[in-house]
Amino acid sequence: MALPEHAAPGHTIRRLWPGDRPAVLDYFQRLDPETRANRFMGPVGEAGTRAYAERAVTAEGLVVGAFVDGVLRGLGELRPAGTPHGFMLGAEAEAAFAVERDFRRRGIGTALFGRIASAARNRGVGTLHVRCLDRNKPMLRLAAKLGADLHRSACETRGDLRLAQATPFSLWYESIAEAYDFTLSVIRPALAEENAA
């Protein structure tokens, strides 16, 4: 059976909603110092990480998570580069990703990037930017694999990925996926509470 567009074997890739905030907090606090520094383009302490995680799912744009056995193990973010206009994010946007060290090389980063790129194109984004430190080899490999134009500077690299325009099918597909994602975000915590009782 062919996998859905953004699926990866053994993973669930879905949009995150405000009800997922506890999972996002746990995820960011589990990141090892190197992964955290790569994600934030420099060292960030516990308080800064917690403050960021608290607002991640409610900030402009959207957040997508990768769940392995029900636990959030990878996270991708899509943020507008300028001022968004409702659903539309504008011509350019930025993407950021991190996957826990023990869960890399399983297709999670590629699946997150695919979901973020689709969401971006459906919101009018023509160019998706990613930035990473030059030492962040996994991110550099992923950006190159996905066809981003890489621009190196003193200590960081920017990748620019050109996106196709949205189609009626891509918009329909995302609306179905997001309805499913929202349902999962509501029923999974309820099921976990029920199982714990």
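Bear in mind that the values here come from a model prediction, so they are computed numbers and not experimental data. (Residues numbered from 1 in each chain as written. Predicted model: local features only at pLDDT ≥ 70, side-chain atom pairs only at ≥ 80, totals over all residues. Heavy atoms only, no water.)

(A) Geometry of the sheet that holds strand S5 (residues 127-133). Pairing in this open sheet of seven strands is mixed, and the strands run S1-S2-S3-S4-S5-S7-S6 from one edge to the other. Bordering the open sheet on either side are strand S1 (12-15) and strand S6 (149-152), each of which pairs with just one other strand. Sheet twist, expressed as the mean angle between neighbouring strand axes with direction ignored, is 25°. Where strand S3 (residues 71-80) meets strand S4 (residues 92-99), seven bridges bridge the pair, whose relative direction is antiparallel. In the sheet register, Arg-79 faces S4, and the bridge partner there is Glu-94. Sheet strands touched by helix H1 (residues 21-30): S3 and S4. Its angle to S3, the strand with the most contacts, is close to 100°. (Pairing = 2+ DSSP bridges. Helix = DSSP H or I, 4+ residues; strand = E, 2+ residues; numbered from the N terminus. Axes fitted to C-alpha atoms, helices over the stretch in contact; angles between N-to-C directions. Contact = heavy atoms within 4.5 Å.)

(B) Structural detail: the nonpolar core. Within the largest apolar cluster, 31 residues are counted, with the highest numbers of intra-cluster contacts made by Leu-78, Phe-97, Leu-112, Phe-113, Ile-116 and Leu-128. Looking at this core, the elements that each hand over two or more residues are strand S2 (62-68), S4, helix H4 (108-122), S5 and helix H5 (137-145). With eight residues, H4 is the largest single contributor of residues to this core. In terms of nonpolar packing, the next biggest core, distinct from the first, is built from 16 residues, Val-24, Tyr-52, Phe-67 and Ala-98 among them. (Core = buried A, V, L, I, M, F, W, Y, C linked by side-chain atoms within 4.5 Å. Buried < 20%, exposed > 50% of the residue type's maximum accessible area, 1.4 Å probe, protein only.)

(C) Structural detail: the packing of aromatic side chains. For the structure shown, the criterion picks out eight aromatic pairs. Each ring, one from Phe-169 and one from Trp-172, has its centre 5.6 Å from the other, and the planes form 35°; the classification is tilted. Within this pair, Phe-169 and its partner Trp-172 are both found in helix H6 (residues 168-196), separated by three residues, close to a single helical turn. Ring pairs connect the aromatic residues Tyr-27, Phe-28, Phe-40 and Tyr-52, which therefore count as one cluster. Above the ring of Trp-17, the side-chain terminus of Arg-15 is found at 4.3 Å from the ring centroid. Between Arg-39 and the ring centre of Phe-40, over which it is positioned, the NZ or CZ distance is 4.8 Å. (Phe/Tyr/Trp six-rings, centres within 6.5 Å; stacked < 30°, edge-to-face > 60°. Lys NZ or Arg CZ within 6 Å of the ring centre and 35° of its normal.)

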